[in-house]
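Next come the chains, spelled out residue by residue.
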Amino acid sequence: MLELLGKKSGGLFGTSRSAPPSVLESKAAEQEKASLKQEVVQIPIHQIFLNPEQPRKIFREEELTQLASSIRDYGVLQPILVRPALDGNFLVIAGERRYRAACLAGLAAIPSIVRSMEEEEAALVALVENVQRENLDYLEEARAYKKLMDDFGLTQSEIAQKVGKQQSTISNKIRILSLPDDIQEILTEHRLTERHARALLRIHGESDRRKVISRVIKNNLNVKQTEKLVEDLLSGQEEQNRKKNKVNYISYKIYVNTIRKAFLQIKEMENNAIFSQEDKGDVLELKITIPKKDRCFT
């Protein structure tokens, strides 16, 4: 049974942002106004299930414990947003942290607003709510953007418009997902920042990336120190490449000079002998032409 409450819903998406409202934020504002005319209902906790498509995956235990303590004292001050499921239960769209804390607090029911939404709209609302509240870490945010692209065919430009961010911001976050999964897990586990991750992107070798992130963790390096470490690594590799190329250059010059000396000895015996050299990019072609005479060849 859903129990109607004698109150109206509060702000669904939290504090307003200083940036110009996006298309989806404007829509969210309209929905929030509409919710003022919509009763908040008490839904039994056992009828509400977590949304597997929720972009936020990490919930710190200490934060949930603190919120649960507050809920025990004051209740859930802001309703969660849910949508009906096919089996008669409900899926959380926005407010999963409040829902989890309410479960910890032992509540039997939680104030909710029920709204029917298509999957794409629900995914977008969940993403915007988390982005506005800055609940997502940069990897969760990147994965959410990537999922919108993969599941709903949205372009980076469309996502940027819907969440009120620059396209370059969306692109840069998604690019971080090119790091191997184990490195992403290390970044999350040790709470390294997005700039730490960006520094690692400059390194192409997986082995070197792992060495760098190990040193970052071991020595508790901040962003500037990490960027300096990466810069030193790349400079060292560049110097090694220069030395290697120089050795290769010297090696082939020795080969050419050796052949030239041999040709000079031939030239002493045959004035009409010809030496030619042509650089063909990947190879250097050397050619010696010797006139064929009966006295020379039998």
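In this report, the structure presented in the accompanying data block is examined. What you are looking at is a predicted structure, and each value in this text was computed from that prediction instead of being measured. (Residues numbered from 1 in each chain as written. Predicted model: local features only at pLDDT ≥ 70, side-chain atom pairs only at ≥ 80, totals over all residues. Heavy atoms only, no water.)

## Concerning the environment of Ala-142
Reasoning step 1: Looking at where Ala-142 falls in the secondary structure, it is placed in helix α5 (residues 138-152).
Reasoning step 2: Along the primary structure Ala-142 and Leu-177 are separated by 35 residues, whereas in three dimensions their C-alpha atoms are 7.1 Å apart.
Reasoning step 3: Residue contacts for Ala-142: discarding those within four places in its chain leaves Lys-173, Ile-174 and Leu-177. (Helix = DSSP H or I, 4+ residues; strand = E, 2+ residues; numbered from the N terminus. Contact = heavy atoms within 4.5 Å.)

## Structural notes on the packing of α5 against helix α8 (residues 181-189)
Reasoning step 1: Contact pair α5 / α8: the axes reach a minimum separation of 10 Å and the direction vectors enclose 135 degrees. By the criterion of interaxial angle, the relationship of α5 to α8 is oblique. Two secondary-structure elements touch here, α5 through Tyr-138, Leu-139 and Arg-143 and α8 through Gln-184, Leu-187 and Thr-188.
Reasoning step 2: Taken together, the residues that form the contact of α5 with α8 break down as three nonpolar, two polar and one charged. (Axes fitted to C-alpha atoms, helices over the stretch in contact; angles between N-to-C directions. Parallel < 35°, antiparallel > 145°, perpendicular 65-115°, else oblique. Nonpolar A, V, L, I, M, F, W, Y, C, P; charged D, E, K, R; others polar.)

## Notes on the packing of aromatic side chains
The geometry of an aromatic ring pair is captured by two quantities: the separation of the ring centres and the angle between the planes.
Reasoning step 1: Applying the stated criterion across every chain, the model contains one aromatic pair.
Reasoning step 2: A centroid spacing of 5.5 Å and a plane angle of 45 degrees characterise the contact between Phe-263 and Phe-275, whose relative ring orientation is tilted. With Phe-263 in helix α11 (residues 223-269) and Phe-275 in strand β7 (residues 274-279), this residue pair connects regions lying twelve residues apart in the sequence. (Phe/Tyr/Trp six-rings, centres within 6.5 Å; stacked < 30°, edge-to-face > 60°.)

## With respect to the layout of surface pockets
Reasoning step 1: Estimated volume of the largest pocket: approximately 340 Å³.
Reasoning step 2: Considering the residues around the largest pocket, the lining is formed by 19 residues, among which Pro-52, Glu-53, Gln-54, Ala-123 and Lys-147 are closest to the centre.
Reasoning step 3: By residue number, the principal contributor to the lining of the largest pocket is α5, which donates seven residues.
Reasoning step 4: Class assignment of the residues belonging to the lining of the largest pocket gives a composition of nine nonpolar, two polar and eight charged. (1 Å grid on protein atoms, 1.4 Å probe; cavity = no way out; pocket = protein on both sides within 12 Å on 5 of 7 lines; lining within 4 Å. Points joined across faces, edges and corners; volume = space filled by probe spheres on them.)

## So, the side chain of Asn-51
Reasoning step 1: Here Asn-51 shows up in the loop between β3 (48-49) and α2 (61-74).
Reasoning step 2: Among residues more than four places away in sequence, those in contact with Asn-51 are Leu-91 and Val-92.

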